[in-house]
Amino acid sequence: VQYNEYVGQFVAMYTDAGNSVVMRRSDHLESGWSEPEVLVSSRDVPELYGAYMHPWSKGSDLYFLATTWSDYNVMLLRTNLAD
């Protein structure tokens, strides 16, 4: 979980039960989290796990790391929070 100044909210990112990377937003850490938004589907990247937000993300660009189980491939990914 990180506070994102661009959206003015806390952003949580994790792998859901279907192994897709999802993101949720909230004005408060304690409650009010949005429904999950799928950023990377396990249908597109099988054996996906992890969602580690990069602390140097700026503006609407949110960079994050994800990996795969089979060959432990680490990927640097980006989502645009303005979309």
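Reading the values: rules and limits
Residues numbered from 1 in each chain as written. Predicted model: local features only at pLDDT ≥ 70, side-chain atom pairs only at ≥ 80, totals over all residues. Heavy atoms only, no water. Pairing = 2+ DSSP bridges. Helix = DSSP H or I, 4+ residues; strand = E, 2+ residues; numbered from the N terminus. Axes fitted to C-alpha atoms, helices over the stretch in contact; angles between N-to-C directions. Salt bridge = Lys/Arg side-chain N within 4 Å of Asp/Glu carboxyl O. Polar contact = N/O pair within 3.5 Å; in protein donor to acceptor, adjacent residues only side chain to side chain. Contact = heavy atoms within 4.5 Å. Core = buried A, V, L, I, M, F, W, Y, C linked by side-chain atoms within 4.5 Å. Buried < 20%, exposed > 50% of the residue type's maximum accessible area, 1.4 Å probe, protein only.

> Sorry, what's going on with the sheet that holds strand S2 (residues 9-15) here?
Within a sheet, adjacent strands bond to each other through the backbone by hydrogen bonds, running parallel or antiparallel. Here we have four strands laid out as an open sheet, ordered S1-S2-S3-S4, and antiparallel in their pairing. Because the sheet does not close on itself, it has two edges, and the strands there are strand S1 (2-4) and strand S4 (37-40). Taking each pair of neighbouring strands and ignoring which way they run, the sheet shows an average axis angle of 35°. Where S1 lies against S2, three bridges are found, and the strand directions are antiparallel. Bridged to Tyr3 within S2 is Phe10.

> Just checking my understanding: could you explain the pattern of salt bridges for this structure?
Two side chains that carry opposite charge are able to pair once their charged atoms sit near each other. This structure, assessed with the given rule, holds two salt bridges. Residue Glu37 pairs with Arg25 through a salt bridge whose shortest N-O separation is 3.2 Å. With a gap of twelve residues between them, Glu37 in strand S4 and Arg25 in strand S3 (residues 21-26) connect regions that are remote in the sequence. Close ionic contact of Asp61 with Arg78 constitutes a salt bridge, the shortest N to O distance being 2.9 Å. Highlighted residues: Asp61 in strand S6 (residues 61-68) and Arg78 in strand S7 (residues 74-80), separated in sequence by 17 residues.

> For this particular structure, what's the right way to read the side chain of Ser20?
Positionally, Ser20 belongs in the loop between S2 and S3. Of the polar contacts made by the side chain of Ser20, one reaches the backbone nitrogen of Ser42; its length is 3.0 Å. Those residues in contact with Ser20 that lie beyond four places of it in its chain are Tyr14, Thr15, Val38, Val40, Ser41 and Ser42.

> Would you explain the sheet that holds S7 in this entry?
Overall, antiparallel pairing links the three strands, which are arranged S5-S6-S7 in an open sheet. Two strands lie at the open edges of the sheet, namely strand S5 (48-53) and S7, each paired on one side alone. Within this sheet the neighbouring strands show an average axis-to-axis angle of 30°, counted without direction. Note: S5 against S6, four bridges, orientation antiparallel. Directly across from Tyr49, in S6, lies its bridge partner Thr67.

> What is the right way to look at the nonpolar core in this model?
When a protein is soluble and globular, its nonpolar side chains tend to lie buried together. Counting residues in each nonpolar core, the largest one holds 14 residues, and the members touching the most others are Met13, Val21, Val40, Leu48 and Leu62. Breaking this core down by element, the ones donating at least two residues are S2, S3, S5 and S6.

> Help me understand the pairing of S6, please; the structure alone is not making it clear to me.
The side chains of a regular strand alternate between both faces of the sheet. Note that S6 and S7 share seven bridges and pair antiparallel. Within S7, the position partnered with Leu62 by the bridge is Thr79. Where S6 folds back on S7, the antiparallel hairpin that results is connected by five residues, among which Tyr72 adopts a positive phi of roughly 45°.

Purely geometric numbers; function is a separate question.
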